[in-house]
Amino acid sequence: MVEPQGFLQQAILYLAAGVIAVLLFKRLGVSAVLGYLAAGMAIGPWGLGLISGADTVLHFAELGVVLLLFLIGLELEPRRLWQMRRPIFGMGTVQVVLTALAVAVLAYALGAAPAVAAIAGMGLAMSSTAIALATLQEKKLLATPGGQAGFSVLLFQDLAVIPFLLAVGFLDGGKAALDWSALAKAAGLILVLIAGGHYLLRPALRIIAATGLREVFVAFALLLVIGIAVLVQAAGLSMALGAFLAGVLLADSEYRPEIELDIEPFKGLLLGLFFIAVGMSVDLGLFLRSPLLLLGLAGGLLALKMAILYPVAKGFGYCGRADAALFAVALSQAGEFAFVLFRAAPNVLPEETAALLNATVATSMVATPLLFLGYERFLAARVARGTERASEVVDEANPVIVAGFGRFGQVVTRVLSGLRIRATLIDRDPNQIEMVRRFGIKAYYGDATRMDVLEAAGAARARLLIVALDDEQAALRIVRRVRKRFPRLKLIARAHSRSDAYEYHEMGVPAVRETFGAALDAAEAALRALDFGPLAARRVVQRFRRHDEEMLVEQAPHRKEIRRLIALQQQGRRDLENLLMKELGAQVDEHDARADEQRAGDEARAQRLREEDDA
């Protein structure tokens, strides 16, 4: 096939391949990352041959990784990053050193030269920041203890770039791309960025925002991220690390929400392009020539790294068994940095060896979404049932149990405590537990989807369980299991959407839609701003609430019948319009009647006064 030459033709090819592959893989219930990788393999030089080389687009698409790390940095305030120093430097150092040594020893035992074994160990010890973080985010696992531990180690791996490049340069005959002064230069640049971010970034953003031109604000945000990433790369560190630092500097800025909205579309597109480029780099020709060798190396690497990562996570005490398994799966692949490192040693690595190592790296990266799929379907529930990190012992028995102590659960608990109604609080996030305990609130670590945890919390004796989890699937599992295990326990569930509310209605469980009440408050305020009277606005909103709840009950049995649901929804809109107009008309009639009564009373009083004057 003829390779498209123009930029627009290639762009159309990349976009079409990505859209088709991701739609297909998502329909099959598989990760979007795997869809992008498959699209790259299909159009690459070893597939249909539509694109001959991946290097050019790979360099450009690395901006997707940069923007991903920037957005993650925006979610981390400097204070929280400082609290993560132990997992970053402790777990990170142990993981990198142990993995590099293990790979090097095995490579040497298989007959590799000492220098080749050392370079292979350093390259394969790293993990793919892009694939690990993107998959954790897609699966909503980044906020779990296992996801946070993986993120910490990935940060340390970015910091390990300088010493590894120095070591490879030394092994390659002393022709290192960096000298030892790079360490001081990198440290100095980071200090300059911290100072500049503190004193200069907010004034600059204020000036840009004052123009009122959104495109200028977007351009400045991209300039900021990419500029800092390039500066940090010039100092010998990774671009991703520089972007992450830029995000952390803006984490507590008032401009953070706007920057997130502006950067997100670019991040998604470029990250997808990055995965396509990685898929294109997979040498399917080598796979066809030596399939057993390549599969053996990639499978052995994945198994070795997971065998090291799991006990490292357990040894530092940050993860239970389920989270340690997630940590091991997320970081089991080799990373994109290995491509750079292997290219930096042309005098040591023979061309055939380098090709084999690169193919091993790419194969391990492609295998990671499949490992996540296996973890979710087979491993997560099994290790969670036998988790060694026991939930905390609950030393109180209260009439109410609140599962999930985030922003929703906190409001409910404050109301109950104001009435001196005691509640047992359970949350899965140890950071959240530690935070609320600082405010004198007693909460317990535990996974409320496990019935033994709820039983220990007194579910058999409690009167009410409030399910306030952020994870809608976990919340549904709790409700289903509690209905079977504790049939007398009353339930109230937090519904994230109308679909969730349908599910809970079908099970006979009262559901509170988390944004419904706030939206109705906003609607009432909007009516007041449009010169509706307070009583009229309140009664219209109350009528809407009753109508919507009635519609929810009517629509719930048909939630999977799309045509029927659409018809009911359309009829509901017409009924609602008639109801609200009647309600408004009744308000006007009542107002007019009161006004007429008031005028009649005034006239009667005036007549009495005239009669008294005449008398």
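Before any of the text, the structure's been laid out above.
Cut-offs and rules
- Residues numbered from 1 in each chain as written.
- Predicted model: local features only at pLDDT ≥ 70, side-chain atom pairs only at ≥ 80, totals over all residues.
- Heavy atoms only, no water.
- Pairing = 2+ DSSP bridges.
- Helix = DSSP H or I, 4+ residues; strand = E, 2+ residues; numbered from the N terminus.
- Buried < 20%, exposed > 50% of the residue type's maximum accessible area, 1.4 Å probe, protein only.
- Phe/Tyr/Trp six-rings, centres within 6.5 Å; stacked < 30°, edge-to-face > 60°.
- Expected span 1.5 Å × (residues − 1).
- Patch = residues over 30% accessible without salt bridge, like charges linked within 9 Å, V, L, I, M, F, W, Y side chains within 5 Å.
- Areas by Shrake-Rupley, 256 points an atom, 1.4 Å probe, with all protein chains shown as cover.
- Salt bridge = Lys/Arg side-chain N within 4 Å of Asp/Glu carboxyl O.
- Core = buried A, V, L, I, M, F, W, Y, C linked by side-chain atoms within 4.5 Å.
- Contact = heavy atoms within 4.5 Å.
- Axes fitted to C-alpha atoms, helices over the stretch in contact; angles between N-to-C directions.
- Parallel < 35°, antiparallel > 145°, perpendicular 65-115°, else oblique.
- Left-handed = near helix turned anticlockwise from the far one by under 90°.
- Nonpolar A, V, L, I, M, F, W, Y, C, P; charged D, E, K, R; others polar.
- Polar contact = N/O pair within 3.5 Å; in protein donor to acceptor, adjacent residues only side chain to side chain.

Caption draft 1: Fine view of the sheet that holds strand β5 (residues 490-495). One open sheet holds the six strands; their spatial order is β3-β2-β1-β4-β5-β6, and the pairing between them is parallel. The open sheet has two edge strands with one neighbour each: β3 (444-445) and β6 (511-513). When strand β4 (residues 464-467) meets β5, the two strands line up parallel, connected through four bridges. Its bridge partner lying in β5, leucine 464 is registered against lysine 490.

Caption draft 2: Inspection of the pairing of β4 at higher detail. With burial as the criterion, each face of β4 is covered, one bearing Leu464 and Ile466 and the other bearing Leu465 and Val467. Note: strand β1 (residues 400-403) against β4, four bridges, orientation parallel. Each residue of the ladder has a partner; that of isoleucine 401, found in β4, is leucine 465.

Caption draft 3: Inspection of the packing of aromatic side chains at higher detail. Here the structure, examined in full by the defined rule, presents one aromatic pair. Ring centres of phenylalanine 89 and phenylalanine 156 lie 6.3 Å apart, and the angle between their planes is 80°; on these two criteria the pair is classed as edge-to-face. One end of the pair, phenylalanine 89, is in helix α5 (residues 85-109); the other, phenylalanine 156, is in helix α8 (residues 145-159), with 67 residues separating them in the sequence. Accessibility expressed as a relative area gives 13% for phenylalanine 156, which makes it buried.

Caption draft 4: Region of interest: the pairing of strand β2 (residues 423-427). With respect to burial, β2 is a largely interior element, five of its five residues being buried. Of the two faces of β2, the one holding Ala423, Leu425 and Asp427 and the one holding Thr424 and Ile426 are both buried throughout. Pairing geometry for β1 and β2, over four bridges, is parallel. What sits directly across from alanine 403, in β2, is isoleucine 426. Taken together, the two bridges between β2 and β3 define a ladder with parallel strand orientation. Looking at the pairing, aspartate 427 lines up with tyrosine 445 of β3.

Caption draft 5: The arrangement of helix α11 (residues 214-234) in detail. With 21 residues, α11 should reach 30 Å at 1.5 Å per residue; the first-to-last C-alpha distance of 30 Å fits that figure. Along α11, the residues classified as buried are Phe217, Val218, Phe220, Ala221, Leu222, Leu224, Val225, Ile228, Ala229 and Val232.

Caption draft 6: Seen up close, helix α6 (residues 114-125). For α6, with twelve residues, the first-to-last C-alpha span of 16 Å sits near the 16 Å given by 1.5 Å per residue. Counting buried positions along α6 gives nine out of twelve residues, so the element sits mostly inside the fold.

Caption draft 7: Highlighting a nonpolar patch on the surface. A surface patch of nonpolar side chains, amounting to about 360 Å² of accessible area, comprises Val411, Val415, Leu419 and Ile421. Relative to the helices and strands, isoleucine 421 is located in the loop between α19 (407-418) and β2.

Caption draft 8: Inspection of the pattern of salt bridges at higher detail. Under the criterion given, the structure shown has four salt bridges. For aspartate 470, the salt bridge identified is with arginine 494, shortest N-O distance 2.9 Å. Of the two residues, aspartate 470 is situated in the loop between β4 and α22 (472-485) and arginine 494 in strand β5; the sequence distance between them amounts to 24 residues. A residue is classified by how much of its surface remains accessible, and arginine 494, at 2% relative accessible area, is buried.

Caption draft 9: Expanded view of the nonpolar core. Among the nonpolar cores identified, the biggest contains 76 residues, and Ile119, Phe151, Phe275 and Phe342 are the most heavily contacted of them. Not counting chain neighbours up to four residues away, the residues in contact with phenylalanine 275 comprise Val33, Tyr36, Leu37, Ala130, Ile131 and Ala134.

Caption draft 10: Quick peek at the side chain of threonine 413. Structurally, the position occupied by threonine 413 is in helix α19. Ignoring sequence-local partners within four residues, the contact set of threonine 413 consists of Val402, Phe405 and Leu425.

Caption draft 11: Looking closely at the packing of helix α2 (residues 32-43) against helix α13 (residues 256-281). Between α2 and α13, the least distance of the axes is 6 Å, while the angle of their chain directions is 50°. In terms of axis orientation, α2 runs oblique to α13. Of the two elements, α2 crosses α13, and the hand of that crossing is right-handed. Residues Val33, Tyr36, Leu37, Ala39, Gly40, Met41 and Ile43 of α2 form the contact with α13, whose own contacting residues are Gly272, Phe275, Ile276, Val278, Gly279 and Met280. Grouping the constituent residues of the contact of α2 with α13 by class yields ten nonpolar, three polar and no charged.

Caption draft 12: Spatial organisation of the side chain of glutamine 157. Turning to its location among the elements, glutamine 157 is positioned in helix α8. If sequence neighbours within four positions are ignored, glutamine 157 has contacts with Gln95, Val96, Ala125, Met126, Ser127 and Leu331.

Caption draft 13: Layout of the environment of leucine 302. Residue placement: leucine 302 occurs in helix α15 (residues 291-316). Residue class for leucine 302 comes out buried when judged on its relative accessible area of 9%. When the C-alpha atoms of leucine 302 and serine 364 are compared, they prove to be 6.8 Å apart, with 62 residues separating the residues in sequence. Each residue touching leucine 302, except ones within four places of it in the same chain, is listed here: Ser332, Gln333, Ser364, Ala367 and Leu371.

Caption draft 14: Local environment of the packing of helix α23 (residues 498-506) against helix α25 (residues 534-555). Put simply, α23 and α25 touch, their axes get as near as 9 Å, and they point 65° apart. The orientation of α23 with respect to α25, classified from their angle, is roughly perpendicular. As α23 runs across α25, the sense of the crossing is right-handed. In this structure, α23 uses Arg498, Ala501, Tyr502 and His505 to contact α25, whose residues at the interface are Asp548, Met551, Leu552, Val553 and Gln555.

Caption draft 15: Structural context of the environment of glutamine 95. Relative to the elements of secondary structure, glutamine 95 occurs in helix α5. When its relative accessible area of 0% is taken as the criterion, glutamine 95 is described as buried. Measuring from C-alpha to C-alpha, the distance between glutamine 95 and isoleucine 308 comes to 7.3 Å, with 213 residues separating the pair along the chain. Beyond its immediate chain neighbours, meaning those up to four positions away, glutamine 95 contacts Ala125, Val153, Gln157, Lys305 and Leu309. Of note is the side chain of glutamine 95, whose polar atom sits 3.0 Å from the side chain of glutamine 157.

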